[in-house]
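Listed below are the residues making up each chain.
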Amino acid sequence: MGEVVAAPWGGHVVTSYDLCDYVLRAREDWLEPDSAWRRRQPESTRWSSPSSTEMSRTLPALNGLAHARVRRSAGGMFDRSTIDELQAPVTVITRKLLDRLEEQLHSMGGGVADLHSVVSEELPVATIGHWLNLPQADLPLLRDLTRDMVYTQELLPSASQLALSDRAVAQLRLYFLTLVAERRRDRGDDPVSRWITAWDEIEDDQQAADEEVYHLALFVLLAALETTATMLSQAVLTLLGHEWQWRYLTRHPEGVPGAVEEALRYDPPTHVVTRVARTDTSLAGVDIRTDETVHLMVAAAGRDQSRHQDADSFNIHRPNQGHLAFSSGIHYCLGAPLARLEAQTLLHGLLRRFPRLSLARTPQWAPRVVFRRPRSLHVALA
Ligand code: HEM
């Protein structure tokens, strides 16, 4: 229908790679829907819900200097040395999860296992729990609350979905504010303690500093779980659906990083990223008014024929021409190196231990648009 198409619910949908990338990089002209923008929306909409208000204080909803300040305070979250340190724990966690998968694959009565619930949903939360140094016992609750919080970030959430997010955010707020207070009393070598130290240097008011640290911790959890879980299952699903490429990787594991990038291009976990126009403007000849939204279809951008030859084919040998799965510009995903580490570690483990893995059933997907989520991924040994 075109590069810039009016959306039935208002605003526009942008589909091409170049235009999506341009909007994401043009930070002076295209803004995140921040708290000021949300306040300008009609009352009693999703934008005034408690969960939306709380999200508007987190990193990806900030613009300009406010964004720069918080992003700087977060530090190089997953720089080379942090990723190197996380390799061993991620490998151990993955090995244990694959042991569980193996038990189910070899069990009596069919040997079918749900890779999504047994492995994909567990690896991200266990990894983040390790990195943030959270008690193991808290992880299932945090995973469930994160799932409820996704709705407030969806494209068109219903009232009942927003109510779930509102309830979840109240619990998450209490959880993370308590955590920040504990780490303030007893500082350790963990990200939350480091963020407290960083914020104490730039913010005189201790309560305000703690709020900032809480919002960082909250958002990191929300950003890391469902996205990565979907990415893991999606990569396995796509490879199993392209059997010769799976078999190639069993013999050439050095191709795994390229396969992960291709999976991110082919079907990224987040399909839409939203921006709003700072002033009246136009995109590809289409007029867009101040404050109007544009939904950047980063998944469609990955299939743009003018960027990627034969874009609808999944091909792990494709030269990497970039994708927008982790966004672009100043809001580029801070967790991309960690997501890649988890995906590569999982694929290496699966290819080595289960070279004959196959898809047992076609997965069902949750009815979401922005944050994709398979409900299950049933696999068996061929
Ligand atoms: C496959 C997994 C992931 C995907 C697809 C993903 C995707 C994204 C996208 C699209 C954005 C930008 C949103 C925008 O431009 O408005 C983003 C931002 C962000 N992501 Fe991720 N993410 C993933 C995993 C992670 C992980 C594991 C973490 C942290 C542990 C993380 C932390 C962040 C943070 C902190 C931001 C905000 C950056 C900013 O606004 O400056 N993400 N992510």
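Up top you'll find the structure we're talking about.
Residues numbered from 1 in each chain as written. Predicted model: local features only at pLDDT ≥ 70, side-chain atom pairs only at ≥ 80, totals over all residues. Heavy atoms only, no water.

### Considering the overall build of the protein chain
Summing up its helical and strand segments, the protein chain has 15 helices and 10 strands in all. Radius of gyration (C-alpha) of the protein chain: 21 Å, near the 21 Å computed for a compact globule of 382 residues. Each principal axis of the C-alpha atoms in the protein chain carries an extent, and together these give about 55 × 55 × 40 Å. When the 382 residues of the protein chain are sorted by exposure, 54% land in the buried category. Counted over contacts in the protein chain with a minimum sequence separation of 6, partners at least 24 positions apart contribute 71%. Placing the 41 positive and 49 negative side-chain charges of the protein chain at their respective mean positions leaves the two points 4 Å apart. (Helix = DSSP H or I, 4+ residues; strand = E, 2+ residues; numbered from the N terminus. Rg over C-alpha atoms; globule rule 2.2 N^0.38 Å. Buried < 20%, exposed > 50% of the residue type's maximum accessible area, 1.4 Å probe, protein only. Contact = heavy atoms within 4.5 Å. Lys, Arg positive; Asp, Glu negative; His and termini not counted. Charge placed at Lys NZ, Arg CZ, Asp CG, Glu CD.)

### Some points on the pattern of salt bridges
Close approach of charged atoms allows side chains with opposite charge to pair. Applying the stated criterion across every chain yields a total of 26 salt bridges. In this structure, the salt-bridge partner of arginine 183 is aspartate 190, at a minimum N-O distance of 3.0 Å. Per residue, the accessibility class of arginine 183 equals that of aspartate 190, and both read buried. For aspartate 267, the salt bridge goes to arginine 372, with nearest N and O atoms at 3.3 Å. Note that aspartate 267 is positioned in the loop between helix 13 (256–266) and strand 5 (272–277) and arginine 372 in the loop between strand 9 (357–359) and strand 10 (378–381), a separation of 105 residues in sequence. One salt-bridge network, in which partners are shared between bridges, spans Glu121, Arg147, Glu226, Arg368 and Arg373. (Salt bridge = Lys/Arg side-chain N within 4 Å of Asp/Glu carboxyl O.)

### Points about the pairing of strand 8 (residues 293–297)
Residues in a regular strand project their side chains so that they alternate between the two faces of the sheet. Counting buried residues in strand 8 gives four out of five residues, a clear majority hidden from the surface. Here strand 2 (residues 12–14) runs beside strand 8; their pairing, made up of three bridges, is parallel. Across the sheet, the residue bridging to valine 14 is leucine 296, located in strand 8. Bridging between strand 5 and strand 8 involves five bridges; their strand directions are antiparallel. (Pairing = 2+ DSSP bridges.)

### Here's the deal with helix 11 (residues 206–240)
For helix 11, with 35 residues, the first-to-last C-alpha span of 51 Å sits near the 51 Å given by 1.5 Å per residue. With 29 of 35 residues buried, helix 11 is to be regarded as a mostly interior element. Where helix 11 begins, the capping side chain belongs to aspartate 205, and its oxygen is found 2.9 Å from the backbone nitrogen of glutamine 207. (Expected span 1.5 Å × (residues − 1). Polar contact = N/O pair within 3.5 Å; in protein donor to acceptor, adjacent residues only side chain to side chain.)

### Observations regarding the coordination of the iron atom of the ligand
Exactly one protein atom donates to the iron atom of the ligand; that atom is Cys333 (SG), 2.3 Å from the metal. Residue placement: cysteine 333 occurs in the loop between helix 14 (298–302) and helix 15 (336–353). (Donors = N, O, S within 2.8 Å, 3.2 Å for Na, K, Ca; no water.)

### Regarding the packing of helix 8 (residues 139–149) against helix 9 (residues 159–185)
The N-to-C vectors of helix 8 and helix 9 enclose an angle of 140°; their axes lie 8 Å apart at closest approach. Classified by the angle between their axes, helix 8 and helix 9 sit oblique to one another. When the axes of helix 8 and helix 9 are compared, the crossing they make is left-handed. Counting all contacts with helix 8, which are made through Leu141, Leu142, Leu145, Asp148 and Met149, the residues of helix 9 involved are Leu164, Ser165, Ala168, Val169, Gln171, Leu172, Tyr175 and Phe176. Its residues placed into classes, the contact of helix 8 with helix 9 shows 10 nonpolar, two polar and one charged. (Axes fitted to C-alpha atoms, helices over the stretch in contact; angles between N-to-C directions. Parallel < 35°, antiparallel > 145°, perpendicular 65-115°, else oblique. Left-handed = near helix turned anticlockwise from the far one by under 90°. Nonpolar A, V, L, I, M, F, W, Y, C, P; charged D, E, K, R; others polar.)

### Regarding the layout of surface pockets
By volume, the second largest pocket amounts to about 340 Å³. In this structure, the second largest pocket is lined by 16 residues; those nearest its centre are Ile93, Glu122, Ala126, Gln136 and Leu139. Breaking the lining of the second largest pocket down by element, the ones donating at least two residues are helix 5 (80–105), helix 7 (122–132) and helix 8. Top element by residues in the lining of the second largest pocket is helix 5. It accounts for six residues. Of the residues belonging to the lining of the second largest pocket, the class tally is nine nonpolar, three polar and four charged. (1 Å grid on protein atoms, 1.4 Å probe; cavity = no way out; pocket = protein on both sides within 12 Å on 5 of 7 lines; lining within 4 Å. Points joined across faces, edges and corners; volume = space filled by probe spheres on them.)

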